[in-house]
Amino acid sequence: MNKLYWVGIIVWGLFVTGCGLTSAGAGEVQQPQDVVFLLAGGLLTSLVGLVGLCGFMGWMGRSQAAQKSYL
């Protein structure tokens with residue numbers, strides 16, 4: 001996968017978390033499970049993207065050192 005895919009996953013997780021935070025502070029009554037779902041799902045998605053990006057960057061570093069290629 002490309003680095004931009006992982007960054008996109010992180011941004012999407014931040015967007016979903018932001019939706020959960022704005023739902024929690026909205027004037028209208030929200031279901032608590034909906035807010036918790038948005039917050040937990042967004043944070044988990046961001047964590048998945050961060051771990052994937054770190055793994056991808058580590059893999060790319062090892063493969064570049066082994067092949068002596070400069071991409």
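Before any of the text, the structure's been laid out above.
In this text the structure is predicted, and so the values were computed from the model without any measurement. In every chain, residue numbers begin from 1 and rise along the written sequence. Thresholds applied to this predicted model are a pLDDT of at least 70 for local features of residues and 80 or more for the giving and counting of side-chain atom pairs; totals over whole chains, interfaces and linings are not thresholded and use all residues. Water and hydrogen atoms play no part in the side-chain values, which are based on all heavy atoms of the structure.

A. Structural detail: the packing of aromatic side chains. Classification of ring pairs rests on two measures: the distance between centres of Phe, Tyr or Trp rings, Trp counted by its six-membered ring, which must be within 6.5 Å, and the angle between planes, read as stacked under 30 degrees, edge-to-face over 60 and tilted in between. Within this structure, the stated rule accounts for 1 aromatic pair. Between Trp12 and Phe15 the ring centres are 5.3 Å apart and the planes differ by 35°, which places this aromatic pair in the tilted class. On the criterion of helical spacing, the pair formed by Trp12 and Phe15 is a turn pair, its members being 3 residues apart in helix α1 (residues 3-24). Categorising residues by exposure relies on relative accessible area from a 1.4 Å probe, with only protein chains included: less than 20% of the type maximum marks a residue as buried, more than 50% marks it as exposed, and the intermediate range marks it as partly exposed. Judged by its relative accessible area of 46%, Phe15 falls in the partly exposed class. Numbering goes from the N terminus for both helices and strands, where a helix is a DSSP run of H or I of at least four residues and a strand is a run of E of at least two.

B. The arrangement of the environment of Lys3 in detail. Relative to the assigned elements, Lys3 resides in helix α1. For Lys3, a relative accessible area of 41% gives the class partly exposed. C-alpha separation for the pair Lys3 and Cys54, spaced 51 residues apart in sequence, amounts to 9.7 Å. When checking whether two residues touch, look at their non-hydrogen atoms; a contact exists if any pair is within 4.5 Å. Discounting residues that sit within four places of it in the chain, Lys3 has contacts with Leu53, Phe56 and Met57.

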